[in-house]
Every structure is written in C-alpha cells, then in structure tokens.
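# Structural overview
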Amino acid sequence: MPDGLEISDGKIWLWRGLLKHPIWQSRDAILRFWIYCLLRANWKDGKFPCGGKIIDVPRGSFISSLSHMAKESNLSMMNIRTCLVTLKMFGETTHITTH
C-alpha cells in the first residue's frame, strides 16, 4: 500500500458502461468532477457537525462548499457550478444549497 494511505481510504469501482455514457463524451472537467464526487461520497451513513447541530449524511452523500470542492479538485468555482448543473441534468447528482 502506498505511503500515506490507510485502509479506510477505500476504493471505488467504475463500470465499463461509463464509456458509453454522455459524461465520458463531455468536457474533461465534468468527468473529473464526477469522479471527485464519487471519491468524496460517504460509503456508509455518517454525521457532520454544522452550526452547532449534527447533520445526518447518508451513504452516497457528502457535505462541502463550492470553494472547498474547487480547491480539492483543482477546478474553478465556475467549473464546479457548470459541472453540478450538467451532472444534475444527466441524473447523476442531486444537491441542496444552503445559501
């Protein structure tokens, strides 16, 4: 196992059918961001402290901000917004904005 990785880092699988999906044919930023979301998503139900409350975060979900996602994915905030709209259009993501 490479240095810095723990067993909890886990892994994801990609299906070969992805090669036929519109995401594969789209701009590189959209595919990159979609894979980023897959890597960030909880693999089991979890909890997240936010504003003095504990929020339940179900499996397959994660909580983040546009600026944090931009920094982690090396994409601009405008790219992140575009990717979120495109992935929602493809039915691959849903998102809830808080402000």
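This structure is a prediction, so every number in the text was calculated from the model and none was measured.

Turning our eyes to something else, we now look at the pairing of strand β2 (residues 53-57). Judged from the five bridges that link them, strand β1 (residues 46-50) and β2 form a sheet pairing that is antiparallel. In the sheet register, Cys50 faces β2, and the bridge partner there is Lys53. Counted along the chain from β1 to the antiparallel partner β2, the turn is two residues long, and its residue Gly51 has a positive phi close to 55°.

Let us now look at the layout of surface pockets. Computed from the structure, the largest pocket encloses a volume of approximately 1,000 Å³. Lining the largest pocket we find 28 residues, and of these Phe62, Ile63, Ser64, His95 and Ile96 sit closest to its centre. Counting only elements with at least two residues in the lining of the largest pocket, the list comes to α2 (28-40), β1, β2 and α3 (66-73). No other element matches the four residues that α2 contributes to the lining of the largest pocket. Looking at the lining of the largest pocket, its residues break down into 16 nonpolar, ten polar and two charged. The volume enclosed by the second largest pocket comes to roughly 610 Å³. Contributing to the lining of the second largest pocket are 21 residues, with Lys11, Ile12, Leu38, Ala41 and Trp43 lying nearest its centre. Of the residues contributing to the lining of the second largest pocket, the split by class is ten nonpolar, five polar and six charged.

This brings us to the pattern of salt bridges. For the structure on display, the rule yields two salt bridges. Between Glu72 and Arg40 there is a salt bridge, with its nearest N and O atoms 3.1 Å apart. You can see Glu72 sitting in helix α3 and its partner Arg40 sitting in helix α2, a full 32 residues away along the chain. Glu72 sits in the partly exposed class, given a relative accessible area of 41%. According to the relative accessible area criterion, Arg40 is partly exposed, its value standing at 24%. Measuring nitrogen to oxygen at the nearest pair gives 2.6 Å for the salt bridge that ties Lys47 to Asp56. Considered together, Lys47 and Asp56 belong to a single accessibility category, that of exposed residues.

So, how was this worked out
Residues numbered from 1 in each chain as written. Predicted model: local features only at pLDDT ≥ 70, side-chain atom pairs only at ≥ 80, totals over all residues. Heavy atoms only, no water. Pairing = 2+ DSSP bridges. Helix = DSSP H or I, 4+ residues; strand = E, 2+ residues; numbered from the N terminus. 1 Å grid on protein atoms, 1.4 Å probe; cavity = no way out; pocket = protein on both sides within 12 Å on 5 of 7 lines; lining within 4 Å. Points joined across faces, edges and corners; volume = space filled by probe spheres on them. Nonpolar A, V, L, I, M, F, W, Y, C, P; charged D, E, K, R; others polar. Salt bridge = Lys/Arg side-chain N within 4 Å of Asp/Glu carboxyl O. Buried < 20%, exposed > 50% of the residue type's maximum accessible area, 1.4 Å probe, protein only.

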